[in-house]
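Per-entry structural report
The chain contents come next:
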Amino acid sequence: MLRQKIKHVNDFGKDSVPSLVLRVSIPFMFAQFVNVLYSIVDRIYVGNIPEIGAISLAGAGVCAPIITLLSSFATLVGIGGSILFSMRLGQGDKKEAERILGNCFSLLIILSAVLTVLFLLTKDLLLGWFGASEASFPYADTYLTIYTCGTFFALLSMGMNYFITAQGHPMLGMVTTLIGAIVNIILDPVFIFLFHMNIAGAAVATVLAQLSSCIFVLCVLKGRGMSIPLHLKRPERKLAGRIFALGFSPFLILATDSIIIIAMNAVLQYHGGPGYGDTLITCATIVQSYMLLITSPMLGITGGSQPLISYNYGAGNQARIRRIVLCVLLLCIGFTTVMFLISRFLPSVFAGIFTNDPEYIELSVWGIRAFTLMIIPLSFQYTFVDSLTALGLTKLSLSLSLFRKALYFGATCLLPFAFGAASAFYAEPVADGVSFLVSTASYLIVYQRFLKNPGDLAKIAVGGKKSAAE
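Fair warning: this is a prediction, and the values are worked out from it, not measured in the lab.

**A few points about the environment of glycine 316**
If you trace the backbone, glycine 316 turns up in the loop between helix H9 (237-314) and helix H10 (318-345). Separated by 226 residues in the primary sequence, glycine 316 and glycine 90 have C-alpha atoms spaced 8.7 Å apart.

Structure below.
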């Protein structure tokens, strides 16, 4: 059955653009949505542990930015390598594409080993810095220790999955995350409640789910149905530098996401005080879980389109690039509009999944509505930044991302001094609204200079096609 699926390959250079974007982005979007279930399902079960649910959820919330930081290294190699990989496929250079794939595999193995040791040695210090109170620290420490031991499986499954989509098999990429989510959903209640492992059970279930996804990804990439099969290669310093250069922007986007969550947890703990601080962090964990249901699928839409853009960049077809970006933008706007309406009318339903405490539900509902005020304009930021990254304009895309994160970080730290601890929740819409204007203006400049007129595609990066894809 697997070999039959592999035969259905999308042609990135000839298929109809709207249907191609839907066939590639929707599975990738769904895959990202399913991937979010790893953390959300854990938090739902953890929040409902008898007697210690609320404080356990606060502990899981403190771990969230550290887990995001670990995951960001998978995007550093996965997105950076798959962009370069897609460019080579667009140029018809399969031998070079195979070399890139093998190098990325090696780099992820090395990174996972280094990160596992580093985070295990520093986890106590990190948790203290990132908002763990005396009450929540034991729960956060237990969860993070077990999760970090599974870093190898998390990085390989996430990072290598990009290359399945890049070879024209988005449905198989979706299956990767679906397998992990199903395993996680089944095992969570078993380990948490049946075996009475509490928050440790949630972490064990997550690691086993990531192991399942990792096995599936490697089996697919090693299969004979792949046009570019996976072989372990000795890492090459020059090639690794090009991969990291292209992947640095999305890596930094995710890494700074974790820094902002860390800052928010620390600010809420500081301004909320010993008692109210943990309450605010628990509610922020619920709100951030809801935001993941928006940002992760949207990242799936824009990230799923990157191989299409990079392929057509390598092929020199800017007319298709323009149509791809427009289709992706419209898809993101439609998705965020639906989620905005849900956040207005149904946030209490979502909050009630995590807790039955009226105080936590009321505060979480308010937080969800505050966080989502500007999610529709956020569609433009995500679409344009990821499109620029796929075109090799990593400096510009990185600058736009860092601008938004700097606004977010500054507002998170400064608003509570003037308006109280809970006002930190308004940092998200402030950053999203301003960044929408800046990113849109920047992309229109690029469009006018390089994408509007035929024959200008080679000018899109400094030094032309060679500097972006080399």
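**A short note on the nonpolar core**
Residues Phe85, Leu127, Tyr143, Met160, Leu221 and Leu268 are the most contacted members of the largest nonpolar core, which totals 132 residues. If sequence neighbours within four positions are ignored, leucine 127 has contacts with Val62, Cys63, Ile66, Ala132, Phe137, Ala140, Asp141 and Leu144.

**Some remarks on a nonpolar patch on the surface**
On the surface, a cluster of nonpolar side chains totalling about 570 Å² of accessible area is made up of Val338, Leu341, Ile342, Phe345, Leu346 and Val349. Broken down by element, the residue count for the nonpolar patch peaks at four residues, all from H10. Take valine 349: it is sitting in helix H11 (residues 347-354). Judged by relative accessible area, valine 349 falls into the exposed class, the value being 53%.

**Side note on the packing of aromatic side chains**
Per the counting criterion, the structure on display carries 15 aromatic pairs. Here the aromatic rings of phenylalanine 380 and phenylalanine 436 are separated by 5.0 Å at their centres, their planes lie at 65°, and the arrangement is edge-to-face. Highlighted residues: phenylalanine 380 in helix H13 (residues 375-390) and phenylalanine 436 in helix H15 (residues 427-451), separated in sequence by 56 residues. Among the aromatic side chains, those forming a connected cluster through ring pairs are Trp366, Phe371, Phe425 and Tyr426.

**Things to note about H11**
Listed as buried for H11 are Pro347, Phe350, Ala351 and Phe354. Take H11 and look down its axis: the buried residues cluster within an arc of 95°, on one side only.

**Overview of the side chain of serine 435**
Structurally, serine 435 is set in helix H15. In this structure the side chain of serine 435 is engaged in a polar contact, spanning 2.7 Å, whose partner is the backbone oxygen of alanine 431. Non-local contacts of serine 435, meaning those with residues more than four positions away in its chain, are made with Gln381, Phe403, Arg404 and Leu407.

Rules of the game
- Residues numbered from 1 in each chain as written.
- Predicted model: local features only at pLDDT ≥ 70, side-chain atom pairs only at ≥ 80, totals over all residues.
- Heavy atoms only, no water.
- Helix = DSSP H or I, 4+ residues; strand = E, 2+ residues; numbered from the N terminus.
- Core = buried A, V, L, I, M, F, W, Y, C linked by side-chain atoms within 4.5 Å.
- Buried < 20%, exposed > 50% of the residue type's maximum accessible area, 1.4 Å probe, protein only.
- Contact = heavy atoms within 4.5 Å.
- Patch = residues over 30% accessible without salt bridge, like charges linked within 9 Å, V, L, I, M, F, W, Y side chains within 5 Å.
- Areas by Shrake-Rupley, 256 points an atom, 1.4 Å probe, with all protein chains shown as cover.
- Salt bridge = Lys/Arg side-chain N within 4 Å of Asp/Glu carboxyl O.
- Phe/Tyr/Trp six-rings, centres within 6.5 Å; stacked < 30°, edge-to-face > 60°.
- Arc of directions from axis to C-beta.
- Polar contact = N/O pair within 3.5 Å; in protein donor to acceptor, adjacent residues only side chain to side chain.

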